[in-house]
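Structural description and commentary
The chain contents come next:
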Amino acid sequence: MAEPFYITTAISYPNGRPHIGHAYEVIATDAIARFRRMEGRDVFFLTGTDEHGLKMDQAARARGISPRELADEMSSYFREMTGVLNISNDRFIRTSEPAHYEASQALWRAMAANGDIYPGRYEGWYSVRDEAFYDEKELVAGEDGQKLSPQGTPVEWTVEESWFFRLSAYADRLLAHYEANPDFIRPEGRRNEVVSFVKGGLSDLSISRTSFDWGVPVPDAPGHVMYVWVDALTNYLTGVGYPEDTEAYRKYWPADLHIIGKDIVRFHAVYWPAFLMSANLPLPSQVFGHGFLLNRGEKMSKSLGNVVDPMEMARTYGVDQLRYFLLREVSFGQDGSYSHDAIVTRSNADLANGLGNLAQRCLSMIAKNCGGVVPGEGAPAPVLDAAALLARVEEAMAGLAIHRALEVIWEGVAEANRYFADSAPWAVRKTDPAAADAILHATAEAIRVLAIFVRWAIPESADKLLDQLAQPADARDFAALAAPIAPGTALPAPQGVFPRWVEQEG
Ligand code: ME8
């Protein structure tokens, strides 16, 4: 039976439309999910929207609508984005769903039953933008001296009746867990930050609010809704059926991998495992904090006017062009920058000129000179060592070095292009047609291998290439690498798969 693999993105706040950072996260997670599927894993991939909390409440108020209306409207854009970007999620979760209320309340009850929840009064700093509490010592001074969160967002002094979670009791167990599971938090730099944060001592966490009601009601505590992060984190459990003992729950929990941005590592690597320990539930295997995407090196913000609609970008450049750019250009785990020039340069060089040109030249020769039938005899000469390439790609992906995996694959693209150019089948055909046929056969096979290799990153284009090679749907994963294309295979008329970007004149 295929080994299960449960992977998630963070769930986004639908207080506005999705931005390129949201697109980046869901594309990277999709690439990993597709990669594991191509290895034969039984993948469950969850994404969705995080709809409660003060930030949503305030955004709705500003527009004169209810938070539920705001969530309904904006969540639909996030869902639409998964379609536009060709995301292969198995479920899109909304935290306003009744099943999620049930899961959040069940988790709360489990933590309460363990003696970890007690009533009190919260007095401290809160950032609505981050939906986070901060200690005085964490705050930084803004330009005109006002206090800001470490993320640079405004904070307000908050005093409120609240339930507390006994987070302080978990510091030692958390540190022991990090120690025993060095890969629990990746990359290394984020892990170090978390370890030193926990070593600095943990305060108990305020986990309910009474000043507004847009949230999951706290069981048996009228007037209290859960702190948004308690219910938000629970989405990963709801997604596979908790609290019911469903088949999905048994198969997929604990999650293998939470992909999140660097700004929310603390919630996932400190609060979340502590909640799960308290509820006696198994912990996820890994939390990976990716970097931030910057617009030409600058932070995106509404005031700078550089917030880009990712769906618009996908329409402009092409879905796979955008996916490829983000996956190849940004070292996964680090911040990255995007610009029109960088996207165009990458997709022209690697997609249009690299893989596209090879396919176009080889397939049009087969159409023209071989009647559209794969020529050659027996097994093709191996242009690429697919098994060796796979081993290198697997190694990169084991550490989630997505950019590196693509770099290795494009070494293969370059090698195949070199082979084709050096072998010059168009010239060889004049004196030795059988030798020219053998070259085309070998090149067609190299294209097949490369199309399979890129399929998790640029699925639509890879499938078009595999369609052009008349490869059946069940011969497109890594297991199919070993079964070369047979001579005599009839191919459809070739079509360009990667259009070249040409700048419009003035
Ligand atoms: O944090 N570049 O939601 P969110 C890359 N609801 N990634 C970015 C980014 C950027 N410029 N800006 C944001 C939340 N992100 C919570 C999560 S999970 C139980 C709850 C990432 O809409 C961010 O780091 O603010 C996060 O992983 C995701 O987008 C959603 O951010």
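Per chain, residue numbering runs from 1 following the sequence as it is written. Side-chain atom pairs in this predicted model are given and counted only at pLDDT of 80 or more, local residue features only at pLDDT of at least 70, and totals for whole chains, interfaces and linings cover all residues. Excluded from the side-chain calculation are hydrogens and water; included are all heavy atoms of the structure.

The protein chain is annotated in an unreviewed UniProt entry as Methionine--tRNA ligase of Edaphosphingomonas fennica. UniProt positions are given in the numbering used here, feature names are shortened, and annotations may be inferred rather than shown by experiment. UniProt's Sequence similarities (unreviewed entry) comment on the protein chain is quoted here verbatim: "Belongs to the class-I aminoacyl-tRNA synthetase family. MetG type 2B subfamily." For the protein chain, the Subunit (unreviewed entry) comment in UniProt is given as "Monomer."

**A word on the domain arrangement of the protein chain**
Domain boundaries in the protein chain define domain 1 (4–116 + 166–290) and domain 2 (348–490). Here the C-alpha centre of domain 2 lies 40 Å away from the C-alpha centre of domain 1. Basic side-chain nitrogens of Lys or Arg form a salt bridge, by our definition, when they fall within 4 Å of a carboxyl oxygen of Asp or Glu. Counting the contacts that link domain 1 with domain 2 gives 0 salt bridges. Counting of polar contacts relies on pairs of N or O atoms within 3.5 Å, with two restrictions inside protein: one atom must be capable of donating a hydrogen and the other of accepting it, and residues adjacent in sequence are counted only when both atoms are side-chain atoms. Connecting domain 1 to domain 2 are 2 residue pairs in polar contact (both at pLDDT 80 or more). Under the scheme used here, helices are H or I runs from DSSP no shorter than 4 residues and strands are E runs no shorter than 2 residues, and both carry numbers assigned from the N terminus. Within the residue set of the side of domain 1 that touches domain 2, elements represented by two or more residues are helix 1 (20–38), strand 13 (257–261) and strand 14 (286–290). No other element matches helix 1, which puts 7 residues into the side of domain 1 that touches domain 2. Domain start and end points were adopted from an automatic or database domain assignment.

**A word on empty space enclosed by the protein**
Using protein atoms alone on a 1 Å grid, points that fit a 1.4 Å probe yet trap it form a cavity, whereas open point sets bounded by protein on both sides within 12 Å along at least five of seven lines form a pocket; residues with an atom within 4 Å of a point count as lining. Grid points are joined across faces, edges and corners, and a volume is the space filled by probe spheres set on the points. The full count for this structure, using the stated rule, is 1 cavity of 30 Å³ or more. Its boundaries defined by the atoms lining it, the largest cavity holds a volume of some 50 Å³. Around the largest cavity, the lining residues are Leu363, Ile366, Ala367, Gly372, Gln468, Leu491, Pro492 and Pro494. Of the residues forming the lining of the largest cavity, the biggest block, 3 residues, is contributed by helix 12 (residues 340–369).

**Points about the site of the ligand**
Neighbouring the ligand are 24 residues; Ile11, His22, Glu25, Asp50 and Asp263 lie closest to it. Within the side chain of Glu25, one N or O atom sits 2.5 Å away from an oxygen atom of the ligand. Asp263 places a polar side-chain atom, nitrogen or oxygen, 2.5 Å from an oxygen atom of the ligand. What sets the accessible areas is the Shrake-Rupley method with a 1.4 Å probe; for residues, cover comes only from the shown protein chains. For the ligand, whose free accessible area comes to 660 Å², the fraction covered by protein is 93%. When contributions to the shell around the ligand are tallied by element, the ones reaching two or more residues are helix 1, helix 7 (228–238) and strand 13. Tallying contributions element by element places helix 7 first for the shell around the ligand, with 5 residues. Its residues placed into classes, the shell around the ligand shows 12 nonpolar, 9 polar and 3 charged. Residues are labelled near a given molecule or strand when at least one of their non-hydrogen atoms is within 4 Å of it. Note on residue classes: Ala, Val, Leu, Ile, Met, Phe, Trp, Tyr, Cys and Pro are nonpolar, Asp, Glu, Lys and Arg are charged, and everything else, Gly too, is polar.

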